Amino acid sequence: MHRRRRTALVLTAAIAAAAPLLTACGSDAHPGAAAVVGGQRITVAQLQHRVDEVRAAQRAAVSDPAQYQQVLAETSSLTRDTLHNMVLDRVIHRAAQDQGVTVTRKDTQQLRAGLEQQAGGAKGLRTAWLQKYGIAPAYLDDNLRLQLEAQKVAARLGTDTSQPAFWKALSRASEELHIDINPRYGTWDVQKSGRADAKTPWVREVTAPSGGAPVTA
């Protein structure tokens, strides 16, 4: 496998120890809402639909009933993790807008092509994102676009996604969005650098193979 100089961010399906958490106390002011971000509701129905898509993909990928039960046990926090990521997606997008960076369809397609080569094909990439990050195949391109947005934000700031300057930009974006989380799904705090129950890192570095897209600001 050929290696490139640049690396691609991998956004996991779980919010991680490194991620800034968003202040939210939740309220009954938004009935039926799992969260309100920037004045826009993420409804409980929308959240459940996203979770159901992941579960359906997991079930299709695992034929053995015992193995599927193990998958369920290992992803028991899927609903909460999915909502936290849906919120964080919007935070990253807002930070990208604040920094004046954009990601084109071509950027996403190039990144996907490179990662598919690394994963041994399109199916391998879909399976990897489903198993490791809880991303249903239908949302793979959206996930890759957000990864590129995150890296471009960091590059615009002259830093990388492991540094305080990047997380400060996300915290600022989260404050602008006035996030309100239904307390049944947990809480977020812009002053903290992680979530106590997170088990996986929010980002990790993977080397894109030759032919993959270089991620630049």
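You'll find the structure just up there.
The paragraphs below set out a description of the structure included in this document. Please read these numbers as outputs of a predicted model, since none were measured by experiment.

Counting its regular elements, the protein chain contains seven helices and five strands. Counting only residues that meet the buried cut, the protein chain has 46% of its 217 residues in that class. Taking all contacts inside the protein chain whose residues are at least 6 apart in sequence as the whole, residues at least 24 apart take part in 81%. Surface summary for the protein chain: the accessible area is close to 11,000 Å², and the carbon and sulfur share equals 49%.

It is the contact of helix α3 (residues 78–99) with helix α6 (residues 140–156), at a shortest axis distance of 9 Å, that shows an interaxial angle of 40 degrees. What the angle tells us is that α3 and α6 run oblique. In this structure, α3 meets α6 at a crossing whose hand is left-handed. Mapping the contact onto sequence places D89, I92, H93, A95, A96 and Q99 in α3 and R145, L146, E149, A150, V153 and R156 in α6.

Under the definition given, this model contains two aromatic pairs. A ring pair is formed by W129 and Y133, whose centres lie 5.2 Å apart and whose planes are at 80 degrees; its orientation type is edge-to-face. Taken together, the positions of W129 and Y133, both in helix α5 (residues 122–133) and four residues apart, correspond to about one turn of that helix. For the pair W129 and Y133, one class covers both residues: buried. With 5.0 Å between their ring centres and 70 degrees between their planes, F166 and W167 make a pair best called edge-to-face. When the ring centre of Y139 is taken as reference, the NZ or CZ atom of R50 above it lies at 3.8 Å. The cationic tip of R59 hangs over the ring face of Y68; the distance from NZ or CZ to the ring centre is 4.7 Å.

This part covers the pattern of salt bridges. Within the structure shown, the criterion is met by six salt bridges. Close ionic contact of D107 with K152 constitutes a salt bridge, the shortest N to O distance being 3.3 Å. One end of the pair, D107, is in helix α4 (residues 105–119); the other, K152, is in helix α6, with 45 residues separating them in the sequence. You can call K152 buried: its relative accessible area is 12%. What emerges from the salt-bridge pattern is a single network uniting R94, D98 and E176.

Among the secondary structure elements, T108 is positioned in helix α4. The exposure class of T108 is buried, given its relative accessible area of 8%.

What counts, and at which threshold
Residues numbered from 1 in each chain as written. Predicted model: local features only at pLDDT ≥ 70, side-chain atom pairs only at ≥ 80, totals over all residues. Heavy atoms only, no water. Helix = DSSP H or I, 4+ residues; strand = E, 2+ residues; numbered from the N terminus. Buried < 20%, exposed > 50% of the residue type's maximum accessible area, 1.4 Å probe, protein only. Contact = heavy atoms within 4.5 Å. Areas by Shrake-Rupley, 256 points an atom, 1.4 Å probe, with all protein chains shown as cover. Axes fitted to C-alpha atoms, helices over the stretch in contact; angles between N-to-C directions. Parallel < 35°, antiparallel > 145°, perpendicular 65-115°, else oblique. Left-handed = near helix turned anticlockwise from the far one by under 90°. Phe/Tyr/Trp six-rings, centres within 6.5 Å; stacked < 30°, edge-to-face > 60°. Lys NZ or Arg CZ within 6 Å of the ring centre and 35° of its normal. Salt bridge = Lys/Arg side-chain N within 4 Å of Asp/Glu carboxyl O.

Shape descriptors only; they carry no functional weight alone.
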